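Descriptive analysis of the structure
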Amino acid sequence: MSEKLLDVKDLKVHFPLRSGLFSRTVKHCKAVDGVSLSLKKGETFGLVGESGCGKSTLGKTICRLIQPTAGEIHFQGANIAGYDRKQMRPIRRDVQMVFQDPAESLNARHTVREILEEPFIIHGIGDASARRKKVDALLDRVGLGKQAAGKYSFEFSGGQRQRIGIARAIALEPKLIICDEPVSALDVSVQSQILNLLMELQKDMGLTYLFIAHDLAVVKVISDRIGVMYLGKMVEVADGAEIFKNPIHEYTKALISAIPVPNPRAEKNRVMLRGDVPSPIDPPPGCAFARRSPIKVSEEIASQPGDYVEVSPGHWVEMHPATVADYDSYAASS
Amino acid sequence: MDTAEISALSVRNLRAGFATKDGVIVAVDDVSFDVPKGKTLGLVGESGCGKSVTALSIMRLLPNPTGRIISGTIEHHGNNLVDLSIDEMRKVRGAQIGMVFQEPMTALNPVHRIGQQLSECFFLHFPNITKKEAWDRSIEALKRVGIPAPETRVTEYPHQLSGGMRQRVVIAMALACDPGVLICDEPTTALDVTIQAQILDLIGQLQADLGMSVVMITHDLGVIAETCDEVVVMYAGRVAEKGTVFDIFEKPQHLYTTGLLSSIPKLESPGKERLSTIPGMVPSLADMPMGARFAPRSGHPKIGEYLESAAFKEERPELAEVAPGHWVEDCEYVRVFG
């Protein structure tokens, strides 16, 4: 269990923004700005944050669908950050992705059988009859049944389509699946069916998930460890239970307190943030969160970057006077 | 009981649907509820349950020519909105009933400045107003919803604002003419949680300040619990259960309500765990049974005999009052048992 499957070190993804006569690069959109994380074999790492925080870009970069600007992506010990297309091909079998909108990620002109056969054809696995059997087995595995094979994706409901998306992702028995908001577009009753399916598959196939979502409650039920991202940076990482019991970063606290609780008698103790998320295009210097934090600090302190500190085993926090309430006592103890 | 005294809006036996080449598809089937004055009523249910069609029916904004109100009444201030002419209805929209839509970017016109769009409400409802007055009142309206530097914001275009700010503009627009009723159709679904919290607080505050009645339409039971006084749970075009927010969350009587409540991932759960689910899925609107529509998914031990019975095909269950003000679909196979 303790074997590291994925180890991302100081990953940066900066998109150049060009303008002017000669399309000079004038600015950079720092979508992912120095993120490190590691995934153990068989675990689920939940990645949460608000829109624009870079969580999807991070997921796609790990799959190498986006080129990293700097940093390392170690998958099963090898740094794949600089691999070319040919070198990536065997890796693609082992790293798969499930997308948010199954309607958009499935080809509407292909039958379900054609969609699910494709991975086998690309990787040259089995002959026609073997592929047929594999597709039937996959459809059974995700709870659709083989009679679904002849239909087109638009004949299915949202939840069923997501099952097709999952079947495609597990077809080649990958080691790592990056789930990018897989249940955000689904109704609650269907959402829970899909989450359960993902958990079953993980148990049966020994899968490792990077589970990206904006809904903390969803992330909580499926994740072993959770990382919170803000404006391209990881601000807090801890075990799932720990981060809810003992959140330290003010942004994590605000996120948790903002979730509407389905209990009319629940007391509201909201940590209110000031203003909106700043743009990742030329973000403010220093601590990205300082200007929104309920702990007000001077501009001079805000422009100092925070440190990444392990406050208890496995619990990492961006330490900065504006992000941590009792900064002084933490600073003194470390 | 004269409900007109205490309810701001009263929907009775509303049936609405869409004309297709295969006949009329009924999306809202005999829905009744009252919006108590100064309070918030929640309409909750999953996609396709008819909650948005209900809201559009109240505003008389069903897409023309396919959408139509088939029967029923919508009483507001002694008027039946269903019978009003287009011109009369135009006076009600905005002035008496405001609406906030889910996606602020589609609700705003991308090529007009915020101020122009806000002024439009004033020109429509106050024909004698001058341009300057309308512009000043637009700034006032933006100030009311907590937009910083409203004087400069009025001159900007929607794309220059963030999602949360845009939704504030939409709310400002809905409230510009002080309507007594505000209908919010998934007002925070497109927003991030921290921004959602800001917007829900804003709606609550404005409601307290202005004494509005609010209809909150959402699929999120958390939002319902935080904002509503009364709740209508809809399933497949019908009311499954309605009552106070405490009735619904603490003494739910319909198996759909309990199923929904238990399938939400909970923050207080100890950690990684299996969720309970509702088996099956919502039936297609085109072939709905007459009987209790949730029955095939209810998991009731004796459900087989009901699904076979003539009652399931032909008899429509009424709502039964199980406690004062707490109504539930009267069919034992979809009611909480044991």
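Structure: see above.
Let me sum up the structure you'll find in this document. All of these numbers come straight from a predicted model, not from anything done at the bench.

Our focus in this paragraph is the sheet that holds strand S5 (residues 79-80) of chain B. Residues and elements named next belong to chain B. A sheet is described by the order of its strands in space; here four strands give the open sequence S2-S1-S4-S5, paired in antiparallel fashion. Whereas interior strands pair on both sides, the edge strands pair on one side only; in this sheet they are strand S2 (23-36) and S5. Across seven bridges, the pairing between strand S1 (residues 7-20) and strand S4 (residues 67-76) is antiparallel. The residue bridging Phe18 from the neighbouring strand is Gly67, located in S4. Strands in contact with helix H2 (residues 51-59) are S1, S2 and S4; relative to S1, the strand with the most contacts, it is inclined by about 110°.

Okay, the environment of Ile115 of chain A next. All names here are of chain A. Tracing the chain through its elements places Ile115 in helix H4 (residues 112-122). Sequence separation between Ile115 and Leu37 is 78 residues, and the spatial gap between their C-alpha atoms is 32 Å. Excluding anything up to four places from it in sequence, Ile115 contacts Leu106, Asn107, His110, Ile164 and Arg168.

Between chain A and chain B, the contact holds 36 residues from the first and 39 residues from the second. Listed by contribution, the elements that provide at least two residues to the side of chain A that touches chain B are helix H7 (188-205), helix H8 (216-222), helix H9 (240-245) and helix H10 (250-258) of chain A. With eight residues, the top contributor of residues to the side of chain A that touches chain B is H7 of chain A. Taken together, the residues of the side of chain A that touches chain B break down into 19 nonpolar, eleven polar and six charged.

For H10 of chain A, a buried count of seven out of nine residues is recorded, marking the element as mostly surrounded by other parts of the structure. Listed as buried for H10 of chain A are Glu250, Tyr251, Thr252, Lys253, Ala254, Leu255 and Ala258 of chain A. Elements that come into contact with the buried residues of H10 of chain A comprise strand S3 (44-48), H8, strand S9 (225-230), strand S10 (233-239) and H9 of chain A together with helix H9 (193-210) of chain B.

The next point concerns the pairing of S4 of chain B. All names here are of chain B. Alignment of S4 against S5, held across two bridges, turns out to be antiparallel. Along S5, the bridge assignment pairs His76 with Asn79. Count of turn residues in the S4/S5 antiparallel hairpin: two residues, of which His77 carries a positive phi of about 55°.

Rules of the game
- Residues numbered from 1 in each chain as written.
- Chains lettered and ligands numbered in written order.
- Predicted model: local features only at pLDDT ≥ 70, side-chain atom pairs only at ≥ 80, totals over all residues.
- Pairing = 2+ DSSP bridges.
- Helix = DSSP H or I, 4+ residues; strand = E, 2+ residues; numbered from the N terminus.
- Contact = placed C-beta atoms within 7 Å.
- Axes fitted to C-alpha atoms, helices over the stretch in contact; angles between N-to-C directions.
- Nonpolar A, V, L, I, M, F, W, Y, C, P; charged D, E, K, R; others polar.
- Buried ≥ 20, exposed ≤ 12 C-beta atoms within 10 Å, placed from the backbone.

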